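The primary structure of each chain is shown beneath.
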Amino acid sequence: MADYLALDKMLEQNRQWLENHGNTFPGNILKPHGRTHTCLLFWKFAADEPSKRATREYLASLVRTNNLTSALQQNKDASAFKSSGREALFAGFYLSESGLLYFGWQEDEAGNLQGLNFLPDFLPSQHAEPAYQNQVDGLLCLAFGRQPADRTELERHVRMYSKKFRKELGATLVAVEWGGVLRNKKGQSVEAFGYADGLSQPLFFPSGNNGSTYQHWNPFSPTSVAAVEEISKTPVGENTFGSYLAFLKLEQNVKAFKELEEEIQARLTQDGNVLKALPGEFAIGRDLKGKALAAKNGASSNDFNYDNDPVGMKCPFHAHIRKMNPRKAASPVPLIVRRGFPYGIQPGIYENNGSAEKLPESGAGLLFLSFQSNFESVVRLWQNGQDETGGADPLVGG
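All values reported here derive from a predicted model rather than from experimental measurement. (Residues numbered from 1 in each chain as written. Predicted model: local features only at pLDDT ≥ 70, side-chain atom pairs only at ≥ 80, totals over all residues. Heavy atoms only, no water.)

**A closer look at the packing of aromatic side chains**
Between two aromatic rings, the relevant description is the distance of the centres plus the angle of the planes.
Turning to step 1, where the next piece is worked out: This structure, assessed with the given rule, holds 15 aromatic pairs.
Turning to step 2, where the next piece is worked out: For the ring pair W17 and F25, a centre distance of 5.1 Å and an interplane angle of 85° mean the geometry is edge-to-face. Each member of the pair, W17 as well as F25, carries the same accessibility label: buried.
Turning to step 3, where the next piece is worked out: Measuring from ring centre to ring centre gives 5.9 Å for Y132 and F247, while their planes differ by 45°; the resulting arrangement is tilted. On the criterion of sequence distance, the pair formed by Y132 in the loop between α4 (97-102) and β3 (138-144) and F247 in strand β9 (residues 244-251) is long-range, its members being 115 residues apart.
Turning to step 4, where the next piece is worked out: Grouped by ring-pair contacts, the aromatic residues W43, F45, Y58, F93, Y102, F103 and F165 constitute a single cluster. (Phe/Tyr/Trp six-rings, centres within 6.5 Å; stacked < 30°, edge-to-face > 60°. Buried < 20%, exposed > 50% of the residue type's maximum accessible area, 1.4 Å probe, protein only. Helix = DSSP H or I, 4+ residues; strand = E, 2+ residues; numbered from the N terminus.)

Below is the structure:
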């Protein structure tokens, strides 16, 4: 009972935090924005002083007029959609280290931004696409629609914002990425390989229950998982909060993955043997529908831990979801809020049992975005193999 009381108290604190800070905290962090189509536009700002002033004034105007979607505005938009079906554009804008310097953020003696913890490991490398070798100061995220035809309306917004940034602010478009939600026959959101995705996320507000249905793993978390208090304050002295955003473009050879999965399955099932799981499930840790390999019968897709699988007989130690979160109550890893989406995959391919021959070999994968208060420890420990299991994450490790 004491745990549930503590959980209720935390959820109430989250609600109060949203009420106090949600007008200045970005949307799509505490809750996903829910749109189907998304476009990411990466910008380099013009260096001259008139353009700098114009850029500052324009971004400030977007905040004042609610054209950048705050966490509270996102809730209002969601309520309006439920009651009237009226869709609102989601818009978010995020500054890189160079973008903060552009607007006057100060460096300390070591050359780091005061009070901030940026990750040099995530600066452009020789492995990045040519576009990302360039400086990126800001990222504009636009999302809209629930139906395939709604992409046309999103394209209109993209053209409008691009014209403003280029012609009036003198900014350079470094890269643009399009993607969106993929679904399987059950309507579940899936990643590029066709596996149900987004099932293990920190939750900040109750949705149908207050955590009492979770017996083995509770996903409810305080806002501090993603919200970091900023040094600056609003003009009236209020505390403000931000979050660290990480972006990775991960290309996946979907055709090769599916062909290899079919080949391994054929080998293992010859001579009458029965393979109860697809080979890819052991790389991911879930089946195609999202059920965790280590979950007990009848448990929800996120209500499990690995206490009943200490040697990895059900879910291997190298499986993606086990590497990223071993679910050990005694030594929890910092959680991250994932808001990525697939790109380059034909919509509907997994709703219609698409064969491997129709799947892409290149130009497809995951546009990974995550928000967090501490990302570095997750990357170093669980993706790059610095844990007791050894080896890199089979999907995103390196």
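**Looking at unusual backbone geometry**
For residues other than glycine, phi is negative in most cases, and the peptide bonds are mostly trans.
Turning to step 1, where the next piece is worked out: In this structure, N66 takes a positive phi of about 60° despite not being glycine.
Turning to step 2, where the next piece is worked out: Secondary-structure assignment places N66 in the loop between α2 (49-64) and α3 (71-84).
Turning to step 3, where the next piece is worked out: Positive phi, close to 55°, is recorded for R327, a residue that is not glycine.
Turning to step 4, where the next piece is worked out: Take R327: it is sitting in the loop between α8 (320-324) and β10 (337-338).

**Describing a nonpolar patch on the surface**
Turning to step 1, where the next piece is worked out: The grouping of L260, I264 and L268 at the surface amounts to a nonpolar patch, some 240 Å² of accessible area in total.
Turning to step 2, where the next piece is worked out: Tracing the sequence through the fold places L268 in helix α6 (residues 254-268).
Turning to step 3, where the next piece is worked out: Among the residues examined, L268 registers a relative accessible area of 44% and is labelled partly exposed. (Patch = residues over 30% accessible without salt bridge, like charges linked within 9 Å, V, L, I, M, F, W, Y side chains within 5 Å. Areas by Shrake-Rupley, 256 points an atom, 1.4 Å probe, with all protein chains shown as cover. Salt bridge = Lys/Arg side-chain N within 4 Å of Asp/Glu carboxyl O.)

**Points about the pattern of salt bridges**
Pairing between side chains of opposite charge can happen when the charged atoms of each approach one another.
Turning to step 1, where the next piece is worked out: Enumeration according to the criterion identifies 15 salt bridges in this entry.
Turning to step 2, where the next piece is worked out: Of the charged contacts in the structure, one is a salt bridge between D309 and R322, with a shortest N-O distance of 3.1 Å. With a gap of 13 residues between them, D309 in the loop between α7 (279-284) and α8 and R322 in helix α8 connect regions that are remote in the sequence.
Turning to step 3, where the next piece is worked out: One continuous salt-bridge network, built from bridges that share partners, spans E12, R15 and E19.

**Observations concerning the sheet that holds β3**
Turning to step 1, where the next piece is worked out: The antiparallel open sheet is built from four strands, whose spatial order is β2-β3-β1-β4. In this open sheet, the two strands that pair with only one neighbour each are β2 (90-95) and β4 (172-180). Within this sheet the neighbouring strands show an average axis-to-axis angle of 15°, counted without direction. (Pairing = 2+ DSSP bridges. Axes fitted to C-alpha atoms, helices over the stretch in contact; angles between N-to-C directions.)

**Some points on the environment of A80**
Turning to step 1, where the next piece is worked out: Mapped onto the fold, A80 is located in helix α3.
Turning to step 2, where the next piece is worked out: According to the relative accessible area criterion, A80 is buried, its value standing at 15%.
Turning to step 3, where the next piece is worked out: In this structure A80 touches G85 and R86, once residues within four positions along its chain are discounted. (Contact = heavy atoms within 4.5 Å.)

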